[in-house]
Amino acid sequence: MNTLSEWSSVVPAIGLGIPAVLALAALASPRRALLASGVAWGLALLFTAGLALLGGAWPGSAAQLGVQLDVVTCVMLLLVSTLGVVIVRYSRTYLAGEPGLERYQRWLLLTLSAVTALIVTNNLAVMILSWTATSLALHQLLTFYSDRAAALVAAHKKFLVSRLAELCLLACIGLVLRDVGSLDLSEIATFATAHPELTPSLHLAAVLVVLAVALKSAQLPFHGWLTQVMEAPTPVSALLHAGVVNIGGLVLIRLSPWMAQAEYARLLLVIIGMVSAVVAALVMTTRVSVKVALAWSTCAQLGFMLVQCGLGLWHLALLHLVAHSLYKAHAFLSAGSAVDGWRLQNLTARPLPSTPARLYLGGLLAAGLAIVAGTTSRSLFAASPAEALGLAVLALVFGLSLSPWWARRSPAWIAAAAARMFGIGLLYGGWHWAAAQLLPTPPTAPSALAWTVVGAGFVGLFVVKAILELNPEGRMARVFYPWLYGGLFLDERFTRLTFRIWPPRLATSEKPSLPVPVAKTMEVAT
């Protein structure tokens, strides 16, 4: 048997071995968590090397075993296994001496095992079961300190939201099985490619997937649990924000051949993601707590990831997922040194305050950049009106994102930094080009309405932030700030609803209540 044939039969088995190793270690010897995570990391490297040797080919044994062999699998396995090793090692020091350490390690390994099973599977039902198992195992980690009422309430809300999402996914399975006749992801992709006009049932199933992803990705108004799980150990927060909560983006990427044909579902993705990204970004500016600010940042970043999927930019969504996971893992595991970083920042020269003229000029330059990008794409590259609108919106977003940055600097500093900005832009574009080459994505028809929603959302975010920054004591700021500080009070209403429908089990001495600052702000706003 030649080397290629040998790898064709071994590589799928390696993919299945990664979740198996983690699950067996969790059930048999959770004290060997670091060793098990290290073995899983080594298997992920071997899996990637094997797929590279196969040249991306899909061997028949992989289809028989139900394993997905592609670039997404390799990237996600390397990401999850690397984060797993780091978080397991960090946990050993962070929770040293805790009486429930062995129980913690068991559920941590089971969570990692479920995530890796979700990554390698080629079956929609197995993917949903793995996602459910991930949620249930994570629930045990979030309630590690069972005597903390705030942790129990947050985990209870997440439990209810996740079960509602799984009901949507179960209905989706029935609709897909009826129309496609199979739950294999490869078969679903083949069917969607062969039938550009989806049936009403598949359109409804796609909408159900979007709703499930929004529920599990902590999008408004079901976001409260994500910002309130800080009572859990810090390694759990890192695992949640760097890995588990990003699964929705991975599921959408896996289903991209189907989603590319479901224009209504993608438009819903853009609307949900854009609203969550804008509101969460504004609320984050009112937070003082490092971890809570990071949680709101996660909500905003996930919203932006859903927007990318809704626009059909699947390779950018994967790049965003990897970058966000690495950033959030580092941010949470190094949260204890945030005070030192703040002190160092205050010892250096502070940037100049923003002025109305500079911000207005930044907005005009961004608008000019958008016009140039749109007209150039139409005249030189014969782009369609929707494609030209998309490029114009991207240019507008890029320009607006730089406006507050350079508005705080002197003209001399801006001139000196122009070369560095150009280099960063080339690097950014290079990463996007590389992601597009590594991940061939299905052609997705651009939607003018979706691009308009994105452009309006970022313009609105820029305007509101400019108002709050330029006149923090003004009338508009006094109107906006209480509502932003309270997160529009969406979670308070959702919490009351969940308490009426299914109240959490708490000790009799523990009575959950709203945080005092939020409660006071709510009184002022009402």
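Think of each chain on its own: its residues are numbered from 1, step by step along the sequence as written. Selection of residues for local features in this predicted model requires a pLDDT of at least 70, selection of side-chain atom pairs for listing and counting requires 80 or more, and totals for whole chains, interfaces and linings are taken over all residues. Hydrogens and water are ignored here; the side-chain numbers use all heavy atoms of the structure.

1. Re the nonpolar core
Here is a general trend for soluble globular proteins: nonpolar side chains tend to be buried in one another's company.
Line of reasoning, step 1. Core analysis: the largest hydrophobic core is formed by 132 residues, its most contacted members being Leu 124, Val 176, Leu 252 and Trp 258.
Line of reasoning, step 2. Any two residues having at least one pair of non-hydrogen atoms within 4.5 Å are treated as being in contact. Excluding residues within four positions of it along the chain, Trp 258 makes contact with Cys 172, Val 176, Ile 188, Ala 192, Leu 198, Leu 202, Ala 205, Ala 206 and Val 209.
Line of reasoning, step 3. By nonpolar core we mean a set of buried residues, namely Ala, Val, Leu, Ile, Met, Phe, Trp, Tyr and Cys, connected to one another through side-chain atoms within 4.5 Å. For each residue, the accessible area found with a 1.4 Å probe, counting protein chains only, is set against the maximum for its type, and the residue is called buried under 20%, exposed over 50%, and partly exposed in between. Within the second largest apolar cluster, six residues are counted, among which are Ala 366, Ala 370, Leu 400 and Phe 462.

2. Let's talk about the environment of Gln 105
Line of reasoning, step 1. Among the structural elements, Gln 105 can be located in helix α5 (residues 101-120).
Line of reasoning, step 2. Here Gln 105 falls in the buried class, since its relative accessible area comes to 8%.
Line of reasoning, step 3. Through-space distance from the C-alpha of Gln 105 to that of Arg 32 is 8.8 Å; in sequence the pair is 73 residues apart.
Line of reasoning, step 4. Residue contacts for Gln 105: discarding those within four places in its chain leaves Pro 30, Arg 31, Ala 33 and Arg 92. The way it works is that DSSP assigns letters per residue, a run of H or I at least four long becomes a helix, a run of E at least two long becomes a strand, and they are numbered from the N terminus.

3. What to know about the pattern of salt bridges
Line of reasoning, step 1. Basic side-chain nitrogens of Lys or Arg form a salt bridge, by our definition, when they fall within 4 Å of a carboxyl oxygen of Asp or Glu. According to the stated counting rule, one finds six salt bridges in the structure shown.
Line of reasoning, step 2. The partner of Glu 166 in a salt bridge is Lys 216, and the shortest N-O contact between them spans 3.1 Å. With Glu 166 in helix α7 (residues 149-180) and Lys 216 in helix α9 (residues 200-216), this residue pair connects regions lying 50 residues apart in the sequence.
Line of reasoning, step 3. Overall, the relative accessible area of 9% leaves Lys 216 in the buried class.
Line of reasoning, step 4. Among the ionic pairs, Arg 178 bridges to Asp 179, the shortest N-O distance being 3.4 Å.
Line of reasoning, step 5. When salt bridges that share partners are traced, they join Arg 163, Glu 166 and Lys 216 into one network.

4. Focus: a nonpolar patch on the surface
Line of reasoning, step 1. Taken together, the side chains of Leu 164, Leu 167 and Leu 170 make up a nonpolar region of the molecular surface, amounting to roughly 300 Å² of accessible area.
Line of reasoning, step 2. Counting through the fold element by element, Leu 164 comes out in helix α7.
Line of reasoning, step 3. Owing to a relative accessible area of 42%, Leu 164 belongs among the partly exposed residues under this scheme. Patch members must show over 30% relative accessible area and no salt bridge, and they are joined within 9 Å when carrying like charges or within 5 Å when they are nonpolar side chains of Val, Leu, Ile, Met, Phe, Trp or Tyr. What sets the accessible areas is the Shrake-Rupley method with a 1.4 Å probe; for residues, cover comes only from the shown protein chains.

5. Let's talk about the packing of helix α15 (residues 290-310) against helix α16 (residues 314-333)
Line of reasoning, step 1. Helix axes are fitted only over the stretch in contact, all axes being lines through C-alpha atoms; the angle between N-to-C directions runs from 0 to 180 degrees. At a closest axis distance of 9 Å, the pairing of α15 and α16 adopts a crossing angle of 170°. Classed by the angle they form, the pair α15 and α16 counts as roughly antiparallel. Of α16, the residues touching α15 (which contributes Lys 291, Leu 294, Ala 295, Ser 297, Thr 298, Gln 301, Phe 304, Met 305, Gln 308 and Cys 309) are Trp 314, Leu 316, Ala 317, His 320, Leu 321, His 324, Tyr 327, Lys 328, Ala 331 and Phe 332.
Line of reasoning, step 2. Its residues assigned to classes, the contact of α15 with α16 comprises twelve nonpolar, six polar and two charged. An angle below 35 degrees is treated as roughly parallel, one above 145 as roughly antiparallel, one from 65 to 115 as roughly perpendicular, and anything else as oblique. The classification used treats Ala, Val, Leu, Ile, Met, Phe, Trp, Tyr, Cys and Pro as nonpolar, Asp, Glu, Lys and Arg as charged, and all other residues, Gly among them, as polar.

6. Quick word on the packing of aromatic side chains
Line of reasoning, step 1. Working definition: a ring pair exists when centres of Phe, Tyr or Trp rings (six-membered ring for Trp) sit within 6.5 Å. Plane angles under 30 degrees give stacked, over 60 give edge-to-face, the rest tilted. On inspection of all chains with the given rule, the structure shows eight aromatic pairs.
Line of reasoning, step 2. Between Phe 159 and Trp 502, the aromatic rings sit 6.3 Å apart at their centres with planes inclined by 90°, giving edge-to-face as the arrangement. Here the residue Phe 159 occupies a position in helix α7, and Trp 502 occupies one in the loop between α23 (490-501) and α24 (516-525), the gap between them amounting to 343 residues.
Line of reasoning, step 3. Look at Trp 502 and you get partly exposed, because its relative accessible area is 48%.
Line of reasoning, step 4. Note on Phe 222 and Phe 494: the rings are 5.4 Å apart at their centroids and 85° apart in plane angle, and the pair reads as edge-to-face. With Phe 222 in the loop between α9 and α10 (224-227) and Phe 494 in helix α23, this pair connects stretches of sequence that are 272 residues apart.
Line of reasoning, step 5. Among the residues examined, Phe 494 registers a relative accessible area of 13% and is labelled buried.
Line of reasoning, step 6. Each member of the aromatic cluster is reached from another via a ring pair, and the members are Tyr 104, Phe 144 and Tyr 145.
Line of reasoning, step 7. Lysine NZ or arginine CZ positioned within 6 Å of the ring centre and within 35 degrees of the ring normal marks a charge as sitting over the ring. Between Lys 158 and the ring centre of Trp 225, over which it is positioned, the NZ or CZ distance is 5.6 Å.
Line of reasoning, step 8. The ring of Trp 131 carries Lys 216 above its face, with NZ or CZ at 5.1 Å from the centroid.

7. Here's the deal with helix α4 (residues 71-94)
Line of reasoning, step 1. A helix's residues, less one, multiplied by 1.5 Å, set its expected span. Between the first and last C-alpha of α4 there are 34 Å, a value that for 24 residues agrees with the 34 Å anticipated at 1.5 Å per step.
Line of reasoning, step 2. Pairing of N or O atoms within 3.5 Å defines a polar contact, subject to two protein rules: one partner must be a possible hydrogen donor and the other a possible acceptor, and residues neighboring in sequence count only if both atoms are side-chain atoms. Between a side-chain oxygen at the N-terminus of α4 and the backbone nitrogen of Val 72 the separation is 3.4 Å; the capping residue is Asp 70.

8. Examining unusual backbone geometry
Line of reasoning, step 1. Here the residue pair Leu 220 and Pro 221 is connected by a cis peptide bond, since its omega of 5° sits within 30 degrees of zero.
Line of reasoning, step 2. Within the secondary structure layout, Pro 221 lies in the loop between α9 and α10.
Line of reasoning, step 3. Within the chain, Ala 218 stands out as a residue other than glycine whose phi angle is a positive 60°.
Line of reasoning, step 4. Inspection of the secondary structure puts Ala 218 in the loop between α9 and α10.
Line of reasoning, step 5. Since its relative accessible area comes to 0%, Ala 218 is described here as buried.
Line of reasoning, step 6. Even without being glycine, Phe 489 reaches a positive phi, approximately 60°.
Line of reasoning, step 7. Tracing the chain through its elements places Phe 489 in the loop between α22 (475-485) and α23.
Line of reasoning, step 8. Residue class for Phe 489 comes out buried when judged on its relative accessible area of 1%.

The values reported here are purely geometric and, on their own, carry no functional implication.
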